[in-house]
Amino acid sequence: MEQEEYTKEEINWSYIEFIDNKDVLDLIEKKPGGIIALLDEACMFPRSTHETFSQKLYQTFKNHKRFSKPKLARSDFTVSHYAGDVTYQTELFLDKNKDYVIAEHKDLLCASTCSFVSRLFPVSNEESSKQSKFSSIGARFKQQLQALLETLSSTEPHYIRCVKPNNLLKPAIFENQNVLQQLRCGGVMEAIRISCAGYPTKRPFLEFVHRFGILSPEVLKGSTDEVAVCKKLLEKVGLEGYQIGKTKVFLRAGQMAELDARRTEVLGRSASIIQRKIRSYMAKKNFTLLRRSAIFIQSVCRGELTRCIYERTRREASCLKIQKYLRMYLARKAYKELRLSAVSIQTGMRGMTARNELRFRQQTQAAILIQSYCRGYLARSKYIELKKAALTTQCAWRGRVARLELRKMKMAARETGALQAAKNKLEKQVEELTWRLQLEKRMRADLEETKTRENTKLQTALEELQLQFKESKVTMLKEIEAAKVAAAEQQIPVVQEIPVIDHEMMDKVTAENEKLKAVVSSLETKIDETEKKYEETNKLSEERLKQAVEAESVIIKLKTNINRLEEKISDMESENKILRQQSLLTASKLLSENASPLPTKILENGYHASEVTTVNDILLQTPTKVYETPDSKPRRPPTDRHHEDVDTFLECVIKDVGFSQGKPVAAFTIYKCLLHWKSFECERTSVFDRLIQMIGSAIENQDSNNDHMAYWLSNTSTLLFLLEKSLKPAGTAGATPVRKAQPPTSLFGRMTMGFRSPSSTSLAAAAAAIEKVRQVEAKYPALLFKQQLNAYVEKIYGIIRDNLKKDLGAILALCIQAPRTSKGSVLRSGRSFGKDSQTNHWMAIIDCLNSLLSTLTENFVPPFLVQKIFTQTFSYVNVQLFNSLLLRRECCTFSNGEYVKSGLAELELWCCQAKEEYSGSAWDELKHIRQAVGFLVIHQKYRISYDEIINDLCPILSVQQLYRICTLYWDDNYNTRSVSTEVISNMRVLMTEDSNTAVSNSFLLDDNSSIPFSMDELSSSLRVKDFFDVKPATDLLQNPAFEFLHD
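Rules and cut-offs
- Residues numbered from 1 in each chain as written.
- Predicted model: local features only at pLDDT ≥ 70, side-chain atom pairs only at ≥ 80, totals over all residues.
- Heavy atoms only, no water.
- Helix = DSSP H or I, 4+ residues; strand = E, 2+ residues; numbered from the N terminus.
- Buried < 20%, exposed > 50% of the residue type's maximum accessible area, 1.4 Å probe, protein only.
- Contact = heavy atoms within 4.5 Å.
- Areas by Shrake-Rupley, 256 points an atom, 1.4 Å probe, with all protein chains shown as cover.
- Salt bridge = Lys/Arg side-chain N within 4 Å of Asp/Glu carboxyl O.
- Axes fitted to C-alpha atoms, helices over the stretch in contact; angles between N-to-C directions.
- Parallel < 35°, antiparallel > 145°, perpendicular 65-115°, else oblique.
- Left-handed = near helix turned anticlockwise from the far one by under 90°.
- Nonpolar A, V, L, I, M, F, W, Y, C, P; charged D, E, K, R; others polar.
- Core = buried A, V, L, I, M, F, W, Y, C linked by side-chain atoms within 4.5 Å.
- Pairing = 2+ DSSP bridges.
- Arc of directions from axis to C-beta.
- Phe/Tyr/Trp six-rings, centres within 6.5 Å; stacked < 30°, edge-to-face > 60°.
- Lys NZ or Arg CZ within 6 Å of the ring centre and 35° of its normal.
- Polar contact = N/O pair within 3.5 Å; in protein donor to acceptor, adjacent residues only side chain to side chain.
- pLDDT = per-residue confidence, 0-100.
- Patch = residues over 30% accessible without salt bridge, like charges linked within 9 Å, V, L, I, M, F, W, Y side chains within 5 Å.

## As for the overall build of the chain
Then step 1. Tallying secondary structure elements over the chain gives 32 helices and 10 strands in all.
Then step 2. Looking at the chain residue by residue over its 1047 residues, the buried ones come to 30%.
Then step 3. Considering only intrachain contacts with a sequence separation of at least 6, the fraction spanning at least 24 residues in the chain is 74%.
Then step 4. Entry remark: accessible area of the chain is about 68900 Å², with carbon and sulfur atoms responsible for 56%.

## Here we look at the environment of Leu558
Then step 1. Relative to the assigned elements, Leu558 resides in helix α15 (residues 497–594).
Then step 2. Owing to a relative accessible area of 11%, Leu558 belongs among the buried residues under this scheme.
Then step 3. Placed 128 residues apart in sequence, Leu558 and Val430 show a C-alpha to C-alpha distance of 7.6 Å.
Then step 4. Setting aside residues no more than four positions away along its own chain, Leu558 makes contact with Leu426, Gln429 and Val430.

## Considerations on the pattern of salt bridges
Then step 1. Summed over the entire model, instances satisfying the criterion amount to 15 salt bridges.
Then step 2. A salt bridge links Lys22 to Asp26, with the shortest nitrogen-to-oxygen separation between them at 3.0 Å. Pair noted here: Lys22 and Asp26 are both in helix α2 (residues 22–29), with a separation of 4 residues, about one helical turn.
Then step 3. The class of Lys22 is partly exposed, set by a relative accessible area of 48%.
Then step 4. For Asp26, a relative accessible area of 27% corresponds to the partly exposed category.
Then step 5. Two residues, Asp802 and Arg801, come together in a salt bridge whose shortest N-O distance is 3.4 Å.
Then step 6. Residue Arg801 is classed as buried on the basis of its relative accessible area of 4%.

## Some points on the packing of helix α12 (residues 205–212) against helix α13 (residues 226–237)
Then step 1. Close contact between α12 and α13 brings their axes to 10 Å; oriented N to C, the two are set at 45°. The angle between α12 and α13 falls in the class oblique. With respect to the hand of their crossing, α12 and α13 are arranged in left-handed fashion. Every residue of α13 that contacts α12 at Phe205, Leu206, Phe208, Val209 and Phe212 is listed here: Glu226, Val227, Val229, Cys230, Leu233 and Leu234.
Then step 2. Residue classes in the contact of α12 with α13 are distributed as 10 nonpolar, no polar and 1 charged.

## Quick word on the nonpolar core
Note that soluble globular proteins tend to have their nonpolar side chains buried in a common cluster.
Then step 1. Judged by nonpolar contacts, the single largest core of 120 residues is most densely connected at Phe649 and Leu907.
Then step 2. At 15 residues, the largest contribution of residues to this core is made by helix α23 (residues 780–815).
Then step 3. Not counting residues within four places of it along the chain, the set of residues in contact with Phe649 comprises Thr669, Ile670, Cys673, Trp677, Leu691, Leu1036 and Phe1042.
Then step 4. Val229, Val237, Leu239 and Ile244 belong to the second-largest nonpolar core, a separate cluster that totals 16 residues.

## Considering the sheet that holds strand β1 (residues 67–68)
Then step 1. Across the sheet, which stays open at both edges, the 3 strands sit in the order β1-β2-β3 with antiparallel pairing between neighbours. What marks the edges here is a single partner per strand, and that holds for β1 and β3 (85–89).

## Looking at helix α4 (residues 50–60)
Then step 1. Looking at α4, one finds that the buried residues are Phe53, Ser54, Leu57 and Tyr58. Viewed along the axis of α4, the buried residues span an arc of 140°, placing them on a single side of the element.
Then step 2. Contacts made by the buried residues of α4 are with α3 (35–44), β1, β2 (76–80) and α5 (93–98).

## So, the sheet that holds strand β4 (residues 201–204)
Then step 1. One open sheet accounts for 3 strands, arranged β4-β6-β5; its pairing is antiparallel. Two strands bound the open sheet, and with one partner strand each, they are β4 and β5 (243–244).
Then step 2. The pairing of β5 with strand β6 (residues 248–251) spans 2 bridges and is classified as antiparallel. Within β6, the position partnered with Gln243 by the bridge is Phe250.
Then step 3. Contacts from helix α1 (residues 2–9) reach β4 and β6 within the one sheet, and its direction differs from that of β6 by about 125°.
Then step 4. Strand contacts of α12: β4, β5 and β6, with the helix running at about 95° to β4, the strand carrying the most contacts.

## What to know about the packing of aromatic side chains
Then step 1. Counting across every chain of the model gives 16 aromatic pairs.
Then step 2. Through pairs of rings, three or more aromatic residues link up here, namely Phe53, Tyr58, Phe61, Phe67, Phe77, Tyr88 and Phe93.
Then step 3. Note that Lys324 overlies the ring of Tyr325, its terminal NZ or CZ placed 5.3 Å from the centroid.

## A word on the side chain of Thr716
Then step 1. Within the secondary structure, Thr716 is located in helix α20 (residues 706–726).
Then step 2. Given the relative accessible area of 2%, Thr716 is considered buried.
Then step 3. A polar atom in the side chain of Thr716 sits 2.7 Å from the backbone oxygen of Trp712.

## Comments concerning the pairing of β2
Then step 1. Within β2, 4 of the 5 residues are buried, which leaves the element mostly enclosed by the surrounding structure.
Then step 2. When β2 meets β3, the two strands line up antiparallel, connected through 5 bridges. By the bridge assignment for β3, Asp76 is matched with Gln89.
Then step 3. Here β2 folds back onto β3, and the loop between the two strands holds 4 residues, one of which, Gly84, carries a positive phi near 155°.

## A word on the confidence of the model for the chain
Then step 1. Mean pLDDT over the chain works out to 76, with 80% of the residues at or above the 70 mark.
Then step 2. Note that residues 491–501 has pLDDT below 50 and, in this model, 5 contacts with residues that lie over four places away or in other chains.
Then step 3. For the stretch residues 591–636, pLDDT sits under 50, and the model shows 56 contacts to residues farther than four places along the chain or on other chains.

## Things to note about the packing of α20 against helix α24 (residues 841–858)
For any two helices packed against each other, one specifies the inter-axial angle together with the distance between the axes.
Then step 1. Relative to each other, α20 and α24 sit at 40°, their axes nearing to 9 Å. Here α20 is positioned oblique relative to α24, judged by the angle of their axes. α20 and α24 meet at a crossing whose hand is right-handed. Every residue of α24 that contacts α20 at Asn706, Asp707 and Ala710 is listed here: Leu852, Thr855 and Leu856.
Then step 2. Per-class residue counts for the contact of α20 with α24 are 3 nonpolar, 2 polar and 1 charged.

## Comments concerning a nonpolar patch on the surface
Then step 1. A cluster of nonpolar side chains, Phe141, Leu145, Leu148 and Leu149, forms an exposed patch at the surface whose accessible area comes to about 360 Å².
Then step 2. Mapped onto the fold, Leu148 is located in helix α9 (residues 137–154).
Then step 3. The exposure class of Leu148 is partly exposed, given its relative accessible area of 46%.

Here you go:
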């Protein structure tokens, strides 16, 4: 205890070894295997003797280092105590230990009238409550010893060692060797050695300062640190060899007495000072008492004099106050009478003037109302006449201008009709090709589903037949053995009878075998047919894939042609508008020269009364496009400049422009440019199609490059989040009509529209107003771009997830079974497998997970998507390991369960290290394999009931899966049995009930490869305020056309 306290206080201390006597105490009194416990057990049996007791001791403690048997003795035993070896003879152990007293005799003696006799047999509480319990000398000795220990632990005992000076028992004779031996056996020498080497005196800091602070009071001033105060005190006193711990001061032997001596000296000096002070205090107290009594007598006399003077002055003051209040009452009464008369006169006069003023106001208000109605009628009639005249003139002029425009538009429509017809034909071809591609993909998916269903059905049927064959073979062997045993017991000659019985059994068995062989052969033929069909469908699917790829290339070419045609049409329309504007300008000049001036008053409908202003309004409403500057220098049209800006924008964005503030720069730049160009509000634009083509070309042929795919997953998901928060569908404000949705022009857009219904796109969530992001009313191209971008996010997510599954697939096949090594080298612990080169498969899985996690975090993929990737991957690991465990008998072993359990412990450690932000609920996906492996490594399975298995051990597993594991299990280490036959029969009964209720008998798990998230979940995991400090691409900031990115 002392040395433990030294190490706990962290003082400079070298450990002293001492002998511990605990093993001898456990040998004697430990339950249930101690010598006293075995002696009590032997006393409880009537037939036991000292020889049986000694034999039981020899068997129980044959390997104990403190217990030995003498060579020539039959019932003796030797215990190696601290003092030395002691040999015990067991001849009278049982008789001496029993000490049995009949209860009736004891009661009779207790009831004796003689006080001496009744005191010899006291009644204890334990004996009165447990009269039938066996009582022994050893048990009583242990109880008394326990009571003594409890008393010692509750007090502070001071031990006195009694030493026998000589064996003659005479005074004044000391045998040095005998005394020294007694001190060594009693442990006194060891205790003295430890106490001399240690620090026998120790005090807490507070107690030490409180006791010895009087030795140097100046140390306590201005210091609150107890450790520093203790050090200064000890240095001031001049002690050496002490130690300062964490909470206590440790002193050598004799140092405490020296400190106490100095303390008594200081206390003696302070006592004389206190006596001196007390004597001076008593003298001062007597003096102050006399002085106070004299002052009290003087104060009483002066008080009596002042009271007489005060009474006289009080009477004078009261007389003056009575006179004052009487005069005040008389004056107030006269004033109130005058005031009341004046107020009554004033109210009458003011009421008369107010009534006169009210009458005048009513008359003036009635006159004003009559005048306003009259003036309004006159102005209204004049306004209606002017409005009719203006409307007739405006209608006439607008009809003339509209007829001229209609004539010009008809001329332009004849020229663009051929281009529009070609565009319609190309769109029809694109629609037919996309429809064929979708139909082929759906057919391929249906064929794969039917193929997997047939394979699973055939596998389950074949396994059931194999199980039936094994069971029938086992029953046949058991019946043959039973027949042989019966024949051997009856000792009947088996020359004629046994062959008949064997022939019948053999005929039955052969018939069953032939049936099973026929069934197996039929199953093999079916499997061959399905394999042939599978190969044919694979060939067809490959051919159709080639056709689909060719069709997609054709569609891309057609799409580029359509875009070029649309651009040509838009250019022609803009040229037509410019020609119209020029014609209108010339017409307006002619009209302004010939027309008479009209009043320029603005009317109610927003147009001016003159024809010149109406023409100007029309020009302002139509977009102007001028190809020449005022200096007559040629200038590029705005459409060409816009195309060049888009080209430079795409060239910059397709590069790896990195990240800013943990957010992708490319996505933020795309969003800012589209918002500035107002592409979301355009009815027709090619920017979105070019962006989709750019993303498709960037991820094309990059399926195996996880770093590249993670970069684009981060950009596409972030851009989709910004679109979700910014776009609101057209028509939400109720002011502008919604254009009818046209079929998507790109292949990917048509695929997304075909696979996903319009209701799945959460337009209501996109219309949510957020304060920090500007809401834009989106047209159809923007909404289509959002759907296509959502499809690309799902596609890139699936590629990364499938790459990880592909990397883990080959390793998981090696992780399900423990590596075969030399005999005796079976795994002993869950941590030792990482040291062997053959068992590094689990570490390879950890490396794959770590590399992907680092790739995703370096590219700042949203943690929500990282969680979903690892959750689906762990679900895939659970499915692969669990299915392999159920399909392969060599995997259902005890040692293999330990191997897989150690690997699962590594996966759990990885989940803890990866944090919940990225791992999420991935560890919960391994629940099937965890429970199955936990069942495999349980010892003594035959003692477990069915209810314990389904409720406590394996609540997730189905009855079919549990039956499969229990029947395939075998122990390659300890040759232990599986569960009992009763549990297996209960499982069979439940399986037959499940088959009657049409529940699926399949015990294998299916892997879910669907997309496990929606756009709403992704958008809720991100925040808008994280994008405030993001900087756009630096290449575009240097371009003057992108100056808006600086804002």
